[in-house]
Amino acid sequence: MGTARRCQNLCDLGDDPQVGFGYEGGGQATANMGEQTARVAGSIFNLPDKMVGIWHAAFSGEVRDPEGPVGMVGAGRLGGEILASDLSNEEKIATFVGLLAGFNLAIGMFNLIPLLPLDGGHIAGGLWEGLKRAYAKVMRRPKPKYVDVAKVLPLTYAAALVMMIMAGLLVYADLVNPLTLTN
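Residues numbered from 1 in each chain as written. Predicted model: local features only at pLDDT ≥ 70, side-chain atom pairs only at ≥ 80, totals over all residues. Heavy atoms only, no water.

Peer 1: Talk me through the packing of aromatic side chains; I want residue IDs and the actual numbers.
Peer 2: One pass over the structure, following the stated rule, counts two aromatic pairs. Note on Trp55 and Phe59: the rings are 4.4 Å apart at their centroids and 50° apart in plane angle, and the pair reads as tilted. Taken together, the residues Trp55 and Phe59, both in helix 3 (residues 47–60) and four residues apart, mark about one turn of the helix. Between Phe59 and Tyr172, the aromatic rings sit 5.1 Å apart at their centres with planes inclined by 20°, giving stacked as the arrangement. In this pair, Phe59 sits in helix 3 while Tyr172 sits in helix 7 (residues 153–176), placing the two residues 113 residues apart along the sequence. Judged by relative accessible area, Phe59 falls into the partly exposed class, the value being 47%. Classification of Tyr172 as partly exposed rests on a relative accessible area of 36%. (Phe/Tyr/Trp six-rings, centres within 6.5 Å; stacked < 30°, edge-to-face > 60°. Helix = DSSP H or I, 4+ residues; strand = E, 2+ residues; numbered from the N terminus. Buried < 20%, exposed > 50% of the residue type's maximum accessible area, 1.4 Å probe, protein only.)

Peer 1: Outline a nonpolar patch on the surface, listing residues and values.
Peer 2: Side chains of Trp55, Phe59, Val73, Val171, Tyr172, Leu175 and Val176 sit close together on the surface and give an oily, nonpolar patch of about 650 Å² of accessible area. Contributions of two or more residues to the nonpolar patch are made by helix 3 and helix 7. Take the nonpolar patch: its biggest share by element is four residues, from helix 7. (Patch = residues over 30% accessible without salt bridge, like charges linked within 9 Å, V, L, I, M, F, W, Y side chains within 5 Å. Areas by Shrake-Rupley, 256 points an atom, 1.4 Å probe, with all protein chains shown as cover. Salt bridge = Lys/Arg side-chain N within 4 Å of Asp/Glu carboxyl O.)

Peer 1: Explain the environment of Leu118 to me, using residue names and the numbers behind them.
Peer 2: With respect to the element layout, Leu118 can be found in the loop between helix 5 (89–110) and helix 6 (119–138). In this structure, the C-alpha to C-alpha distance between Leu118 and Thr156, residues 38 residues apart in sequence, is 9.0 Å. Leave out the neighbours within four places in its chain, and Leu118 touches Phe110, Asn111, Ile113 and Met163. (Contact = heavy atoms within 4.5 Å.)

Peer 1: Can you lay out the pattern of salt bridges for me, pointing to particular residues and giving the numbers?
Peer 2: Pairing between side chains becomes possible if they bear opposite charge and their charged atoms approach one another. If you walk through the whole model with that rule in mind, you get five salt bridges. Between Arg39 and Glu67 there is a salt bridge, with the nearest N and O atoms lying 3.0 Å from each other. Within this pair, whereas Arg39 is found in helix 2 (residues 26–45), its partner Glu67 is found in the loop between helix 3 and helix 4 (72–84), the two being separated by 28 residues in sequence. With a closest N to O distance of 3.2 Å, Arg133 and Glu129 form a salt bridge. In this pair, Arg133 and Glu129 are both assigned in helix 6, four residues apart and thus about one turn of the helix distant. Classification of Arg133 as partly exposed rests on a relative accessible area of 24%.

Peer 1: For the packing of helix 4 against helix 7, give the residues involved together with the corresponding values.
Peer 2: With their axes 7 Å apart at the nearest point, helix 4 and helix 7 run at an angle of 40° to one another. Put simply, helix 4 runs oblique to helix 7. On the side of helix 4, the interface is formed by Met72, Val73 and Gly74, while helix 7 contributes Val171, Asp174 and Leu175. Broken down by class, the residue content of the contact of helix 4 with helix 7 amounts to four nonpolar, one polar and one charged. (Axes fitted to C-alpha atoms, helices over the stretch in contact; angles between N-to-C directions. Parallel < 35°, antiparallel > 145°, perpendicular 65-115°, else oblique. Nonpolar A, V, L, I, M, F, W, Y, C, P; charged D, E, K, R; others polar.)

Following this line, the structure appears as structure tokens:
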């Protein structure tokens, strides 16, 4: 069982995992990475609904969803709980690295959302420009003008504002109703 599952077991069961360490082959590691990537993509797709749950947990005291988003404060808290746990040093390192890898995967995939303040928005603009040029080349038309991404600046500002509000809400929720590995 991989370290990502070990952390999930800690969150779900509220007990130390009884997991051994071993090596996985390339096929199993690829399958586990594909599964983790699919879970993160599903989480990003469900992010607006999860943020409603964070709002309720922060302001009405509801129990936080252990599968919900965690802000930087919560991530630091979870890392501290891992290091302060009764796990062996090898298990602490494996769990901490797994948690860190999971956060990095989630942040990287979130960054690919095709909104302009994110890298995905710049990629989308470049792909659109490439499609326009390819179409013009196939149709033997003159080279089209560059894509002006400045035209979507109002959407960019709105998306940036929403992301700042989400970050602030996550920090607040992590302070008043934090996730822990033991509940």
